[in-house]
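# Reading the structure
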Amino acid sequence: MVEIAEKINCPDCGAPLKLEAGEVIITCEYCGSAINMAVGKKFFFKHSIIPNNYTLGEMEGVTKSWMQKGFLKPDDLARKSKIQRMELIFLPFFIVHVHATSKYSGVLTRTGQNIPKDGKIDKEYYWKILGRRASTFPTKEYEIPLKGKVNFNLSKISKGAKFLNSEMDEKEAESLVKQEINTHHRYLLSTEIDTIHDIDTTMDIKNIEFVHAPVWFIKYTYRGKQYEILIDGASGEDIKADIPTSSGIFGKIFGR
Ligand SMILES: [Zn+2]
């Protein structure tokens, strides 16, 4: 157990800040200000929240209808499964608007000849970084429903929901974005050429935004096994879902 080193008050309203070890960007639960603990000052970037649009009961309905839809699922999934746990969590994301340019040179060999190639990958991204460590959350698969976002306001946190502070600040998010885009551009390039001689990437960070987004974590059991579904609390769309295959059509075809 790591103890919290000191008691810190919100620089805006003076209320004590409740924080857990490892958290860096803290949202004051009295006034809603975001504070960067690394520098002890107010977080400088724009903070938004995407409201959750579902009550617990409604989300149960969404889950059941998800279970009934789609032919890859067992026919009796909705009937035979039991929802064990439903938790709404507001997750912290950085959205980094970046213009990335990679100049490259290399060789195309897949045609049987060595053809030298050079060129440029020039792209603009709104890259997402989840502000939590040791998370298996599928950030890549999650389209943050940004059209629902509003200025951060404590009243938009649904009652009973869990609210997570960020364990990193914008500087770290920015460096993660750079690493991930570098990897992504190398991947893009690998589809074009076979040997990379040189790649030089420059990144121009245009803007960084901090957004809390609502995700429902739903655990259910079916025929003795546990599964998880993640549902976007703004749209009701599933983000990622475990689907049992034991007796579904998929199972029949592939003999599972
Ligand atoms: Zn405050």
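Thresholds, definitions, all that
Within each chain, residue numbers correspond to sequence positions counted from 1 in written order. Local features in this predicted model are restricted to residues whose pLDDT is 70 or higher, and side-chain atom pairs enter the listing and the counts only when it is 80 or higher, whereas totals over whole chains, interfaces and linings include all residues. Only hydrogens and water are set aside when side-chain values are computed; all heavy atoms of the structure are taken into account. Numbering goes from the N terminus for both helices and strands, where a helix is a DSSP run of H or I of at least four residues and a strand is a run of E of at least two. Between two residues, a contact is recorded if the distance between any of their heavy atoms is within 4.5 Å. A carboxyl oxygen of Asp or Glu within 4 Å of a side-chain nitrogen of Lys or Arg is what we treat as a salt bridge. Only protein chains enter the calculation, and the probe is 1.4 Å; a residue is then buried if its accessible area is under 20% of its type maximum, exposed if over 50%, and partly exposed in between. Here the coordinating atoms are restricted to nitrogen, oxygen and sulfur within 2.8 Å of the metal centre, or 3.2 Å for Na, K and Ca, and because water is not among them the sites may look incomplete. Angular criteria define each label, namely tetrahedral for four donors with all angles between 85 and 135 degrees, square planar for four and octahedral for six donors with opposite donors over 155 degrees apart and remaining angles between 65 and 115, and irregular for whatever fails these tests. Where each domain starts and ends follows an automatic or database-derived domain assignment. All residues other than Ala, Val, Leu, Ile, Met, Phe, Trp, Tyr, Cys, Pro, Asp, Glu, Lys and Arg, Gly among them, are scored as polar; the first ten of these are nonpolar and the last four charged. Paired strands, as defined in this entry, are two strands with at least two bridges between them according to DSSP.

## Quick word on the environment of Pro16
One can find Pro16 in the segment before β1 (25-27). Separated by 94 residues in the primary sequence, Pro16 and Arg110 place their C-alpha atoms 63 Å from one another. Residues contacting Pro16, with those up to four places away along its chain left out, are Ile8, Asn9 and Tyr30.

## Notes on the pattern of salt bridges
Should the charged atoms of two oppositely charged side chains come close, the side chains can pair. Evaluation of the coordinates by the stated rule reveals 13 salt bridges. With a closest N to O distance of 3.8 Å, Asp76 and Lys80 form a salt bridge. Judged by its relative accessible area of 9%, Asp76 falls in the buried class. With a shortest N-O distance of 3.6 Å, Asp204 and Lys206 are connected by a salt bridge. Of the residues examined, Lys206 reaches a relative accessible area of 45% and is grouped as partly exposed. One continuous salt-bridge network, built from bridges that share partners, spans Glu23, Arg132 and Glu167.

## Here we look at the coordination of the zinc ion
Put simply, a metal with four donors set out as a tetrahedron has ideal angles of 109.5 degrees, and one with six donors set out as an octahedron has ideal angles of 90 or 180 degrees. With distances of 2.3 to 2.4 Å, the protein atoms coordinating the zinc ion are Cys10 (SG), Cys13 (SG), Cys28 (SG) and Cys31 (SG). Geometry at the zinc ion is tetrahedral, judged from the 4 donor atoms that bind it and their angles of 105 to 113° at the metal. When the donors of the zinc ion are listed by position in the chain, the intervening gaps give C-x2-C-x14-C-x2-C. The class of Cys10 is buried, set by a relative accessible area of 3%. Its relative accessible area of 39% is what places Cys13 among the partly exposed residues.

## Considerations on the domain arrangement of the chain
What the domain assignment reports for the chain is domain 1 (1-44) and domain 2 (46-149 + 156-254). Summarising the inter-unit geometry, the C-alpha centres of domain 1 and domain 2 are found 28 Å apart. The interface is formed by 12 residues belonging to domain 1 together with 13 residues belonging to domain 2. One salt bridge connects Arg132 with Glu23, and the closest N-O pair in it is separated by 3.4 Å. Contributions of two or more residues to the side of domain 1 that touches domain 2 are made by β1 and β2 (34-36). In terms of residues, the side of domain 1 that touches domain 2 owes the most to one element, β1, which gives 3 residues. When grouped by side-chain class, the residues that make up the side of domain 1 that touches domain 2 number 7 nonpolar, 3 polar and 2 charged.

## A few points about the sheet that holds β2
Here 3 strands make up an open sheet; going across it, the order is β1-β2-β3 and the pairing antiparallel. With one partner strand each, in any of the chains shown, β1 and β3 (41-42) form the two edges of the open sheet. Here β2 runs beside β3; their pairing, made up of 2 bridges, is antiparallel. Looking across to β3, one finds that Asn36 is bridged to Lys41.

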